[in-house]
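Listed here are the chains, written in short residue letters.
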Amino acid sequence: MSKLILLNGPIGCGKTAAVQTLVDRFSNTASAECKEHLHLLTQIFFNVEPSVYWTIYEDRSQKELPQAEFQIQLEEYNKLAKLLGKPHRVSPDKVPISIREAMIYVSELVCKPAFGEDYFGRVRASKLNLSGDDTLYIDDSAGFEDEVPPAIQALGQENILLIRVRGRGTFDGDSRNYLPDGLCDHTVDVYNTASLQEFVNRVCSYVQGFINRPPRLNPCNAHAVEDFKHHIQ
């Protein structure tokens, strides 16, 4: 049966390094980000060519800056600004926004009001375990509670591990946040407060333990206590 690893944490917390290490160390991994569908919709919504879109998205120096390719009406911008805790504006009529803000706009102010808070979760769940194989799916963009239940329905609680990354980064200006306790039966908090290598090794250790665990047993609570003790030492 396939398994899903949810990495939940703010920008700059170390999730990218964790994903790369997981892909390097484990076979048969695949991306299962809810935002994969969002990328496609954002390109379509703003009529931006994929090559232009990805050039901006993959350039950290441009990702957070307003872009001419992504403009919305002033009224819509102020809705987005309210959502992100940014100042209200009175001009101009069309406001350029960053690519990340464009994704948030399409997700939170277009799709979810129309199709439900779990929309992207349902799209992701439809792609999980289609062949019944043993794929290790990885999502490093987890941060919306409503996107998780469809995955639970598709794979079962016993096949989903939530890793909340703490210690670095901030959710300021982001519509995501830490997922709450009780959402996933298998949940562990990992603190990225020492070296990056130590952090990614710890993530891989928890994933390996989750994969190897006996049926219906959850080693993650013990891991969480151990990691908390390590954090406060």
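These numbers were taken from a predicted model, which means no experiment stands behind them.

Asker: Explanation requested: the overall build of the chain in the structure shown.
Answerer: Assigned secondary structure in the chain consists of 10 helices and seven strands. Out of the 233 residues belonging to the chain, those deemed buried represent 49%. Sequence-distant contacts in the chain: of pairs separated by 6 or more residues, those separated by 24 or more amount to 77%. When the accessible surface of the chain is summed, it comes to about 11600 Å², and 52% of that surface belongs to carbon and sulfur atoms.

Asker: Help me understand the packing of aromatic side chains in this model?
Answerer: How two aromatic rings sit relative to each other is given by the distance of their centres and the angle of their planes. Scanning the model with the defined rule gives 10 aromatic pairs in all. Between Y53 and Y57 the ring centres are 6.3 Å apart and the planes differ by 5°, which places this aromatic pair in the stacked class. A residue pair is termed a helical-turn pair when its members lie 3 or 4 positions apart in one helix, as Y53 and Y57 do in helix 3 (residues 50-57) at four residues. You'll find Y53 and Y57 in the same group, each marked buried. Members of the aromatic cluster, connected to one another through ring pairs, are F45, F46, Y53, W54, Y57, F70 and Y105.

Asker: What should I look at first to understand the pairing of strand 4 (residues 94-97) in this one?
Answerer: On a regular strand, one side chain projects to one face of the sheet and the next to the other, so that they alternate. Going residue by residue along strand 4, you find V95 and I97 tucked away on one face and K94 and P96 left uncovered on the opposite face. Taken together, the four bridges between strand 3 (residues 67-73) and strand 4 define a ladder with antiparallel strand orientation. Across the sheet, I72 pairs through a bridge with V95, a residue of strand 4.

Calculation criteria
Per chain, residue numbering runs from 1 following the sequence as it is written. Predicted model: local features are reported for residues with pLDDT of at least 70 only, side-chain atom pairs are reported and counted for 80 or more only, and whole-chain, interface and lining totals are derived from all residues. Side-chain measures were taken over the full set of non-hydrogen atoms in the model, leaving aside hydrogen atoms and water. Strands are runs of DSSP state E lasting at least 2 residues, helices are runs of H or I lasting at least 4, and numbering of each runs from the N terminus. Buried residues are those whose accessible area, probed at 1.4 Å on protein chains only, stays under 20% of the maximum for their type, while exposed residues exceed 50% and partly exposed ones sit between those limits. In this analysis, two residues are considered to be in contact whenever any of their non-hydrogen atoms come within 4.5 Å of each other. Note that accessible areas follow from Shrake-Rupley with a 1.4 Å probe, and for residues the cover is restricted to the protein chains shown. Working definition: rings of Phe, Tyr and Trp (its six-membered ring) pair if their centres are within 6.5 Å, and the pair is stacked with planes under 30 degrees apart, edge-to-face with planes over 60 apart, and tilted otherwise. Two strands form a pair only when DSSP identifies at least two bridges running between them.

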